[in-house]
Amino acid sequence: MNMELLLREQAPQVLSALVRHYGHFDLAEEAVQEALLAASQQWPTEGVPDNPRGWLIRVGSRRLTDLLRSETARRKREENVALQAAPEEFVATGPEIDEPAGRDDTLTLLFLCCHPALSAASQIALTLRAVGGLTTAQIAAAFLVPESTMAQRISRAKRSIKQAGSTFEMPPEAERDVRMGAVLHVLYLIFNEGYTASSGTNLHSAELTTEAIRLVRGVRRLLPDDGEVAGLLALMLLTDARRPARTDVDGTLIPLAEQDRSRWNRDAIVEGEALVTDALSRTQLGPYQVQAAIAAVHGTAERAEDTDWAQIVALYQVLEQISDNPMVRLNHAVAVAMATGPKEGLALLEPLDSDGRMKNHHRLEAVRAHLLEMSGDVEGARASYMLAARRTTSVPEQNYLKSRADKL
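Residues numbered from 1 in each chain as written. Predicted model: local features only at pLDDT ≥ 70, side-chain atom pairs only at ≥ 80, totals over all residues. Heavy atoms only, no water.

**What to know about unusual backbone geometry**
Here is step 1: Despite not being glycine, His24 shows a phi value in the positive range, around 55 degrees.
Here is step 2: Tracing the backbone through its elements, the reader meets His24 in the loop between helix 1 (3-22) and helix 2 (25-46). (Helix = DSSP H or I, 4+ residues; strand = E, 2+ residues; numbered from the N terminus.)

This is the structure we're talking about:
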């Protein structure tokens, strides 16, 4: 197994073991990061130990003991720490924490990282670090911010969780549906940022999309009968299947209708279609399932002109009924334009001009430009393409939109 993948898979389990044994999520998370760093430096030369998780737990425990001692000295909490563990026992090798075979606390950890006291940006950063095992530097690079900025964001997130009095346990059953929705939304945002970066010179980050898919697969193993988990995994697979054809050799964006579909990942499409078909047949309908069904219609069309736009329109109508999201209405307008004509699509854009969540978004103007071009309004299309280009911070999208304007 790839060394980095092995460490990422172990990260949430090691953190869970330390938090259960010691408490102190904030310090335990820091100790796990240092244990992962030690492993990445030692294992390539010394070899992977027979029990990687046990090795990481022992190293993490020693580091956590040091951190607790330091915290004790600084805050004068000797008695409280002494009640949790006797640090002198662990100076040499760290404790032998008894980990039940097959125990997986990933979901509990995800609930903690997606605590409602945190902003979406903090939830994403903490999830990638604590559950995904990414370093602060890797997360900062993925989101194109300085490492110091990301470190501060993660530290604030851990402080907020501590101040909220959160404990390492599943939320009450009455809260789980809402909290589960937050977890899935965070994983969805991680995938989206990887699939179409909000800024920078690259259109996508394969590291983020791959990590999001890996994390959702982990949730699905724990919740195999949850239709929305299956729907989200299907949506990611069906969408990511198109990634190899989204750009040409120099990174220029290629729109869906012009992509070489022979480059799409057919295995991912088959798996995604099977997942969403099964979920739709036996679970309660949810927005991720409907979005996955839409992606499946695109994924199974051998040519752009074979796309069943009428079916996509119907699916967006269903999605609008269960999701108050202006982006859904925007995509619905595109589907209507493709199914019945650009004027009908343009009419559906008008209400979005007064929607505060969308009126200044570059995608609204990009869609308007495309539909105006379809309708023959060259000047209007060119103006909208240029406005959309000014509004986006993604360099590949800017270049694409400017090239469309130049062609007109």
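**What about the environment of Arg129?**
Here is step 1: Note on placement: Arg129 falls in helix 6 (residues 120-131).
Here is step 2: Each C-alpha atom, one on Arg129 and one on Arg8, is 9.4 Å from the other, the two residues being 121 residues apart in sequence.
Here is step 3: Filtering out sequence-adjacent residues up to four positions away, Arg129 remains in contact with Glu29, Glu30, Gln33, Leu134, Thr136, Ile139, Ile154 and Lys158.
Here is step 4: Looking at Arg129, its side chain comes within polar contact range of the side chain of Glu29, at 2.7 Å. (Contact = heavy atoms within 4.5 Å. Polar contact = N/O pair within 3.5 Å; in protein donor to acceptor, adjacent residues only side chain to side chain.)

**A closer look at the confidence of the model for the protein chain**
Here is step 1: Averaged over every residue, the pLDDT of the protein chain is 89; residues scoring 70 or more account for 91%.
Here is step 2: Within the model, the stretch residues 85-94 combines pLDDT values under 50 with 17 contacts to residues more than four positions away or in other chains. (pLDDT = per-residue confidence, 0-100.)

**Some remarks on a nonpolar patch on the surface**
Here is step 1: A surface patch of nonpolar side chains, amounting to about 300 Å² of accessible area, comprises Leu280, Leu285, Val318 and Ile322.
Here is step 2: Relative to the assigned elements, Val318 resides in helix 14 (residues 309-322).
Here is step 3: Exposure remark for Val318: the relative accessible area of 31% places this residue in the partly exposed category. (Patch = residues over 30% accessible without salt bridge, like charges linked within 9 Å, V, L, I, M, F, W, Y side chains within 5 Å. Areas by Shrake-Rupley, 256 points an atom, 1.4 Å probe, with all protein chains shown as cover. Salt bridge = Lys/Arg side-chain N within 4 Å of Asp/Glu carboxyl O. Buried < 20%, exposed > 50% of the residue type's maximum accessible area, 1.4 Å probe, protein only.)

**With respect to the nonpolar core**
A general trend in soluble globular proteins is that nonpolar side chains are found buried together.
Here is step 1: Ranked by size, the top nonpolar core spans 97 residues in total, and within it Phe25, Leu56 and Leu187 carry the most contacts.
Here is step 2: At 10 residues, helix 2 tops the list of elements feeding residues into this core.
Here is step 3: Grouped together as the second largest cluster of nonpolar side chains are 23 residues, Leu203, Leu352, Leu364 and Tyr385 included. (Core = buried A, V, L, I, M, F, W, Y, C linked by side-chain atoms within 4.5 Å.)

**With respect to the packing of helix 15 (residues 326-340) against helix 17 (residues 362-375)**
Here is step 1: One way to put it is that helix 15 packs onto helix 17 with a least axis distance of 11 Å and a crossing angle of 10 degrees. Taken as axis vectors, helix 15 and helix 17 run roughly parallel relative to one another. Here Met327, Leu330, Asn331, Ala333, Val334, Ala337 and Met338 of helix 15 come into contact with helix 17, specifically with Arg363, Leu364, Val367, Leu371 and Met374.
Here is step 2: Classifying every residue of the contact of helix 15 with helix 17 by side-chain character gives 10 nonpolar, one polar and one charged. (Axes fitted to C-alpha atoms, helices over the stretch in contact; angles between N-to-C directions. Parallel < 35°, antiparallel > 145°, perpendicular 65-115°, else oblique. Nonpolar A, V, L, I, M, F, W, Y, C, P; charged D, E, K, R; others polar.)

**Describing the environment of Thr149**
Here is step 1: The topology assignment puts Thr149 in helix 8 (residues 147-163).
Here is step 2: Residue class for Thr149 comes out partly exposed when judged on its relative accessible area of 31%.
Here is step 3: Once the C-alpha coordinates of Thr149 and Met180 are considered, the two residues, 31 residues apart in sequence, prove to be 28 Å apart.

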